[in-house]
Amino acid sequence: MEFLTPESWDEALTAKALSPDALPLAGGTDVMVELNLTARRPPLLLDLTRIPELTTWSLTDDGRIRLGAGVTYRQVIEELNDELPGLAMAARTVGSPQIRNRGTVGGNLGAASPAGDCHPPLLAVGAEVEVASVVGSRLIPIDEFFTGVKRNALSPEELIAAVIVPTARGPQQFSKIGTRNAMVIAVCSFAIALDAHHQTVGTGIGSAAPTPIRAHGAERMLTHALKSLWQRRGPLPEDLVQQFALNVATAAKPIDDVRGTAAYRQHALTVMARRTLTWAWDEYWSTGEAAA
Amino acid sequence: MTTTQTITHTGRIGDSAQRPDGTLKVTGQFAYSSDLWMDGMLWGATLRSPHPSARIRSVDIGPALAVPGVHAVLTKDDVPGLNAYGLDHADQPVLAADVVRYQGEPVALVAADHPETARLAAERIVVDYEPLPPVTDAMLAVGHISWDTPGQTGVPRVHPEGNLVRHVKIRKGDPDPQADVVITGEYEVGMQDQAFLGPESGLAVPAEDGGVDLYVATQWLHVDQRQICIALGLGPEKVRLTLAGVGGAFGGREDLSMHVHACLLALHTGKPVKIVYNRTESFLGHVHRHPARMRYQHGVLRDGTIVYVRASIYLDGGAYTSSTPAVVANAGTMGIGPYDVPNVRVDCYGAFTNNPPCGAMRGFGTVQAAFAYEAQLDRIAAELGLDPVDIRCRNAMREGSRMTTGQLVDSAAPVDELLRRVQALPLPPPVDPTQLDLREQPGGVSNTTHGEGVRRGVGYAVAFKNVGFSEGFDDYSTARVRLEVVGGEPVVTVHTAAAEVGQGLTTVIQQIVRTELGVENVVLAPADTQIGNGGSTSASRQTYVTGGAVKAACELVRGEVFDIAQTCYGRAVRDLHLVDGKVISPAEGGIGSLADLLIGTPVERTIEWRHRPTYPLDPETGRADAHVQYAFAAHRAVVDVDTELGLVKVVALDCVQDVGKAINPQAVRGQIYGGALQGLGLALMEEIVTTDGIVRNASFTDYLIPTVLDAPPMQVEILEYADPHAPYGLRGVGEPPTISAGPAILAALRNATGLPLTRIPVRPEHLIGSVGR
């Protein structure tokens, strides 16, 4: 197995153009496990850890956060908790401290597992993935990024440069089911983002379909129903919360597997949707944002 | 660091002496078996069957031999001795012959100059399999169409002699007793894995005499040696084993894994060969805890007195015998729990199937039964409106009770006191809803509840376990103790073959020597087969048996020293003691220092030490003095359950255990903490999941063991009721807490949810039965 060690982003893109079958390696928290278990034997590894610009984040002109593909979960937790609270909550649930020190948001997107913890909050806020090749770069809307189980919209010559995430314009929540209380892969997960500015709702569902998905119907229903409620201070009607929860579960297409049953996942999504919506909305109206 | 802690390696019986390997392990410098290295060594790899049952039509090793860097490719034809091994019964092939009986069964071996080359070459071996329908149901496998009911099941034979490994029958008292209330329940326990962190590994080095030296992580060097010799066709003088650093065992290293394979490759190539399993291979390459299906019927009087117990227990032993016969005996003889019941009928069956082989794991047959009998006790209490602790105390075994086997319980059996004491420990405070800490909630930082749906439950369980090997096994250990003066200082060297697997035997040996010989400097020689058998590091027996051997050897050495001292002193002196390197007498003071007495004349004694004998079970009634000693523990679990999501936070897991004598109190606590956590794991998450004989979760991604955030605070109270038959009065410690912790958690979960929860481990979907659907 060859190991390519580009020192710059241009070198990395050139290497990827010359060797499209090279497997990018960032934190290695997915790739190295697969190598160690001999589940995967790529002909080449493309080490991206020597490219400093990948490991930083910045504010874009339009007020979004551009997260370099090599930004770690730990950086998100420590540096972006206020700007990207949903993503930070998800990052806190990833693995152990050691894994959060190494693992990256870009790597999570590259692996494109239906269980990837970053995906639901990125879906909920409508992030864009910036991908690049020697030809140039392009932006892929997050809900067009996941194309199948562990497949994404990258062409073989492309690398993930960054993910561009709108900063929070309202409360966000993330919730994940696992059968132990830490260091656990998602049985299923759910993210919600309230956008008080545009008066919209975003969602993301993990591990309950072949890819991470949004619950479009639930978002539309709730966005419509909230129109008259954004300015009111007070809790949501029970039946609205319940309707939202059922719509979220309807969007999911879970399967039975070793981690849980389809029926349990469907049920758990209704509970998580109900609870996270309630927490987010209560935070919204109780912290005075409603009056703003 | 503003303060430094003085680490002392000294300490006697009853002190929390430091582990000799502690600093190395904490600082990452301890050499585990996977760290073994020798210049010029080759790496071995194992080709394993992908099928749980198949006929092998042919094996073509040509493509593997053609890979550059490959030194050898071996199949069953290359096994020079008997192609069979096994702890109780040699029925497991070193390399599969005409059939494979489980997924992961070794078929061929490769040695190459790089581990990757060896693995790639192994993949190129062409095996033509004819898959057969696997046998996967233990009850059907032994020919039962329902509980204890023989019939035509049409299940094929996994082995020519049939699928029943052993049937233990326990018959005590009136076969047709009458009771006021009858409670019947069926229970199922999944397949737990030992999940030790150090994978199977070792290094075999060919020797000039045509023999082989094997450095390996194991639990019992001599039983390994015996099996390796048979497979290699070599005598024990040609097969020498040395214990390498063991990264956990829990029963999973009692059976051979890579031992013979590495020796075969080393002898074939004339080069040292190292084999290290990866995690997936480890899950496939060692035995697991037997899954169980159990049906219990308790007949009780209105006051809660148990009149009779009838139990049927089916244990799935998987493809080979391993230690199934002994596990069946344990589940059978201790299957009703530590209760005094006049009328008992237990049938316990061990079955061959094409599931993964099952054998030894901490608790060894008693863990499965405890989930059933303790669930039954709670159901009786609920039915009669009694307190769960009261009903247990009413029926508790005590000193003077008779076991189901008729054996007299002839030392302390403080079952009721353990329960009362654990009940009296303070309960954790209720969750403060104004102080949300996700780490304290079910689901943890995964942020699934802020208190919604959470209900608290409390549950109790008590359990017992035999210590040492039973049923007439000649269970002994060998110790050599040498006292000499080096550089003017007395030094003791202890040599045994007993395996330190992390439990702390080496610490305990040092404490025993310091106590018996009054010498601080105690050196432990490497455990190897140059000395006699130390017996297995299992059945909570090493402190008892090897500790007993070291103590007895020390006593012989001490006697010799006193003889020397009196000779030098010129006359006999009564009541001599060895203290701080000096022989003293209370009446006459110092008689002489070891430094003076032993110059140039080391005193050395070797002894084989046995616990009192045991006897085989009567095949029809199970009557026998089958066990050496019993050890007891009681647990109280407090759980918070998210009743809508089925997620659990164990809030407290408190234990009271009688250990006879706490040789090292800190180590005892460590055993109780770890044992309880392993029980928690089985109760809530640990299961090897199989479908049609195929393992679906052979990784730590999907075989979950508890993390620190799953580990609750544990109050531990240690009782010391000496067993007069045991050295220092001690009892085995390691297993009882593993047995009682899980059933206590199940009881607490039932208390919180009101659900029957008869299937272990409990899954989230089991816990939402009444709510949220």
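Residues numbered from 1 in each chain as written. Chains lettered and ligands numbered in written order. Predicted model: local features only at pLDDT ≥ 70, side-chain atom pairs only at ≥ 80, totals over all residues. Heavy atoms only, no water.

1. Here we look at the overall build of chain B
Each helix and strand in chain B was counted, giving 16 helices and 31 strands. For 773 residues, the compact-globule formula gives about 28 Å, and the C-alpha radius of gyration of chain B, at 27 Å, lands near that figure. When the backbone C-alpha atoms are referred to their principal axes, chain B occupies close to 80 × 75 × 60 Å. For chain B, the proportion of its 773 residues judged to be buried stands at 62%. By sequence separation, contacts in chain B at least 24 residues apart represent 79% of the contacts at least 6 residues apart. Of the roughly 27300 Å² of accessible surface on chain B, a fraction of 52% belongs to carbon and sulfur atoms. Considering chain B, the positive charge centre built from 63 side chains and the negative charge centre built from 87 side chains are found 2 Å apart. (Helix = DSSP H or I, 4+ residues; strand = E, 2+ residues; numbered from the N terminus. Rg over C-alpha atoms; globule rule 2.2 N^0.38 Å. Buried < 20%, exposed > 50% of the residue type's maximum accessible area, 1.4 Å probe, protein only. Contact = heavy atoms within 4.5 Å. Areas by Shrake-Rupley, 256 points an atom, 1.4 Å probe, with all protein chains shown as cover. Lys, Arg positive; Asp, Glu negative; His and termini not counted. Charge placed at Lys NZ, Arg CZ, Asp CG, Glu CD.)

2. Here we look at a negative patch on the surface
Residue and element names in this part refer to chain A. On the surface, a cluster of negative charge is contributed by E7, D10, E11 and E53. Mapping E53 onto the fold places it in the loop between strand 3 (44-47) and strand 4 (57-59). Accessibility expressed as a relative area gives 41% for E53, which makes it partly exposed. (Patch = residues over 30% accessible without salt bridge, like charges linked within 9 Å, V, L, I, M, F, W, Y side chains within 5 Å. Salt bridge = Lys/Arg side-chain N within 4 Å of Asp/Glu carboxyl O.)

3. Some words on the interface of chain B and chain A
Of the residues lining the interface, 42 residues belong to chain B; the matching set on chain A comes to 33 residues. Between chain B and chain A the total buried area reaches about 3100 Å² when both faces are included, carbon and sulfur atoms providing 52% of it. Together, S446(B), N447(B) and L645(B) form the three largest contributors to the area buried by chain B at its contact with chain A, with a combined 16%. Here chain B is connected to chain A by five salt bridges. Close ionic contact of D702(B) with R259(A) constitutes a salt bridge, the shortest N to O distance being 2.4 Å. Seen at the junction of chain B and chain A, the total is 20 residue pairs in polar contact (both at pLDDT 80 or more). Of all the secondary structure elements, the ones that give two or more residues to the side of chain B that touches chain A are helix 3 (115-124), helix 7 (279-285) and strand 27 (647-658) of chain B. Each residue belonging to the side of chain B that touches chain A can be placed in one class, and the counts come to 15 nonpolar, 15 polar and twelve charged. (Buried area = accessible area lost by both parts, 1.4 Å probe. Polar contact = N/O pair within 3.5 Å; in protein donor to acceptor, adjacent residues only side chain to side chain. Nonpolar A, V, L, I, M, F, W, Y, C, P; charged D, E, K, R; others polar.)

4. Looking at the packing of aromatic side chains
Residues and elements named next belong to chain A. Counted under the stated rule, the structure contains 19 aromatic pairs over all chains. Ring centres of F190 and F244 lie 6.2 Å apart, and the angle between their planes is 65 degrees; on these two criteria the pair is classed as edge-to-face. Separated by 54 residues along the polypeptide, F190 in strand 12 (residues 188-195) and F244 in helix 9 (residues 238-251) bring together distant segments of the chain. In this structure F190 comes out as buried when scored by relative accessible area, which is 0%. An aromatic cluster is present here, built from W230, W281 and Y284 joined pairwise through their rings. (Phe/Tyr/Trp six-rings, centres within 6.5 Å; stacked < 30°, edge-to-face > 60°.)

5. Overview of the UniProt feature "domain: FAD-binding PCMH-type" (unreviewed entry) in chain A
Under the feature "domain: FAD-binding PCMH-type" (unreviewed entry), the UniProt entry names residues 1-170 of chain A. Across residues 1-170 of chain A, the secondary structure splits into 30% helix and 26% strand, with the terminal C-alpha atoms separated by 47 Å. (UniProt positions renumbered as here; feature names shortened; annotations may be inferred.)

6. Notes on the UniProt feature "domain: Aldehyde oxidase/xanthine dehydrogenase a/b hammerhead" (unreviewed entry) in chain B
The positions UniProt marks with the feature "domain: Aldehyde oxidase/xanthine dehydrogenase a/b hammerhead" (unreviewed entry) are residues 27-133 of chain B. With 13% helix and 32% strand, the stretch residues 27-133 of chain B has end C-alpha atoms that lie 50 Å from each other.

7. Comments concerning the packing of helix 9 (residues 366-384) of chain B against helix 16 (residues 736-753) of chain B
The geometry of a pair of packed helices is captured by two quantities: the angle between their axes and the separation between those axes. Residues and elements named next belong to chain B. Where helix 9 meets helix 16, the closest approach of the two axes is 9 Å, and the angle between their N-to-C directions is 35 degrees. Here helix 9 runs over helix 16; the crossing is right-handed. Residue-level inspection shows T366, V367, A370, F371, E374, A375 and D378 of helix 9 in contact with helix 16, the latter providing I739, G742, P743, L746, A747 and R750. (Axes fitted to C-alpha atoms, helices over the stretch in contact; angles between N-to-C directions. Left-handed = near helix turned anticlockwise from the far one by under 90°.)

8. Some words on the sheet that holds strand 17 (residues 343-351) of chain B
Residues and elements named next belong to chain B. Taken together, the six strands give an open sheet; going across it, the order is 9-17-16-15-10-31, and neighbouring strands pair in mixed fashion. If you trace the sheet from one side to the other, it starts and ends with strand 9 (164-172) and strand 31 (759-760), each paired once. In terms of strand pairing, strand 10 (residues 181-189) meets strand 15 (residues 292-300) through nine bridges, oriented antiparallel. Note that in strand 15 the partner of T184 across the bridge is Q297. Of the strands in this sheet, strand 10, strand 15, strand 16 (306-316) and strand 31 are in contact with helix 9, which crosses strand 10 at around 145 degrees. (Pairing = 2+ DSSP bridges.)

9. Notes on the pairing of strand 24 (residues 589-593) of chain B
Residue and element names in this part refer to chain B. For strand 23 (residues 582-585) and strand 24, the ladder comprises four bridges, and the chain directions are antiparallel. Across the sheet, residue V583 finds its bridge partner in strand 24, namely G592. Connecting strand 23 to the antiparallel partner strand 24 that follows it, the hairpin turn spans three residues.

10. A word on the domain arrangement of chain B
Residue and element names in this part refer to chain B. Segmenting chain B into domains produces domain 1 (33-132 + 199-246 + 253-285), domain 2 (292-470 + 616-766) and domain 3 (476-610). With centres defined by C-alpha atoms, the gap from domain 1 to domain 3 works out at 39 Å. Contacts between the two partners involve 13 residues from domain 1 and, on the opposite side, 16 residues from domain 3. Of the roughly 1100 Å² buried at the junction of domain 1 and domain 3 (both faces included), carbon and sulfur atoms supply 57%. Broken down residue by residue, the surface that domain 1 buries against domain 3 is led by Q219, W220 and H222, which jointly contribute 45%. One can count zero salt bridges joining domain 1 with domain 3. Our enumeration of links across domain 1 and domain 3 arrives at seven residue pairs in polar contact (both at pLDDT 80 or more). Secondary-structure elements contributing two or more residues to the side of domain 1 that touches domain 3 are helix 5 (221-232) and strand 13 (239-243). If one sorts the elements of the side of domain 1 that touches domain 3 by residue count, strand 13 sits on top with five residues. Of the residues that constitute the side of domain 1 that touches domain 3, the class distribution is six nonpolar, five polar and two charged. (Domains from an automatic or database assignment.)

11. Some details on the side chain of R101(B)
Residue and element names in this part refer to chain B. Its location among the elements puts R101 in the loop between strand 4 (99-100) and strand 5 (106-112). Look at R101: it is buried, it has no salt bridge, and the nearest opposite charge is E105 at 5.1 Å. Polar side-chain contacts of R101 include one of 3.0 Å to the side chain of Y320. The residues touching R101, leaving out its near neighbours within four places in the chain, are P52, V158, H159, A319, Y320, T353 and N354.

12. Regarding the pattern of salt bridges
Residue and element names in this part refer to chain B. Per the stated rule, a full pass over the model turns up 63 salt bridges over all chains. Between R439 and D437 there is a salt bridge; the shortest N-O distance is 3.1 Å. The partly exposed category is assigned to R439, whose relative accessible area is 46%. Look at D437 and you get partly exposed, because its relative accessible area is 26%. A salt bridge links R482 to E604; the shortest N-O distance between them is 2.9 Å.

13. Examining the side chain of H144(B)
Residues and elements named next belong to chain B. Tracing the sequence through the fold places H144 in strand 7 (residues 144-146). Side chain to side chain, H144 and Y314 meet in a polar contact 2.6 Å long. The residues contacting H144, other than those within four sequence positions of it, are M139, T149, P150, T153, Y314 and Y349.

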